[in-house]
Amino acid sequence: MAYENETDAFQIDSLTVENRLDRISIYGSLDLTKNRHGLESALKLKRIIDASIDALKRDKNLPDQITTVAAESVENPF
């Protein structure tokens, strides 16, 4: 569910999609090849984008802009 938690992450080949409460982060790369695999990848990406758009449309109090805070780096305890 788009914008519902801070834990969901999806991988489509080398493309990563991370769910956040205030944003959906998409990074990496994805080749949509002209074959069945490319079609499957494109459909997965479309479902993620469509879910994001639907969630944004449902929010009746959608602000014009938000301020995002950079993630804090912590030292590795191991």
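What counts and how
Residues numbered from 1 in each chain as written. Predicted model: local features only at pLDDT ≥ 70, side-chain atom pairs only at ≥ 80, totals over all residues. Heavy atoms only, no water. Helix = DSSP H or I, 4+ residues; strand = E, 2+ residues; numbered from the N terminus. Contact = heavy atoms within 4.5 Å. Salt bridge = Lys/Arg side-chain N within 4 Å of Asp/Glu carboxyl O. Core = buried A, V, L, I, M, F, W, Y, C linked by side-chain atoms within 4.5 Å. Buried < 20%, exposed > 50% of the residue type's maximum accessible area, 1.4 Å probe, protein only.

## Section: the side chain of Ser 25
Right, so step 1: Here Ser 25 lies in strand E3 (residues 24-29).
Right, so step 2: Ignoring any residue separated from it by four or fewer positions in sequence, one finds Ser 25 in contact with Thr 16, Val 17, Glu 18 and Arg 20.

## Looking at the pattern of salt bridges
Any two side chains of opposite charge can pair, on the condition that their charged atoms come close.
Right, so step 1: By the definition in use, this model includes three salt bridges.
Right, so step 2: In this structure, Asp 50 and Lys 46 form a salt bridge, with 2.6 Å as the shortest nitrogen-oxygen distance. A residue pair is termed a helical-turn pair when its members lie 3 or 4 positions apart in one helix, as Asp 50 and Lys 46 do in helix H1 (residues 36-58) at four residues.

## A closer look at the nonpolar core
Right, so step 1: Core analysis: the biggest nonpolar cluster contains five residues, these being Ile 12, Leu 15, Val 17, Leu 30 and Ile 48.
Right, so step 2: If near-sequence neighbours (up to four positions away) are discounted, Leu 30 is found in contact with Ile 12, Asp 13, Leu 15, Ser 41 and Leu 45.

Everything listed here is a matter of coordinates, which is why it stays silent on function.
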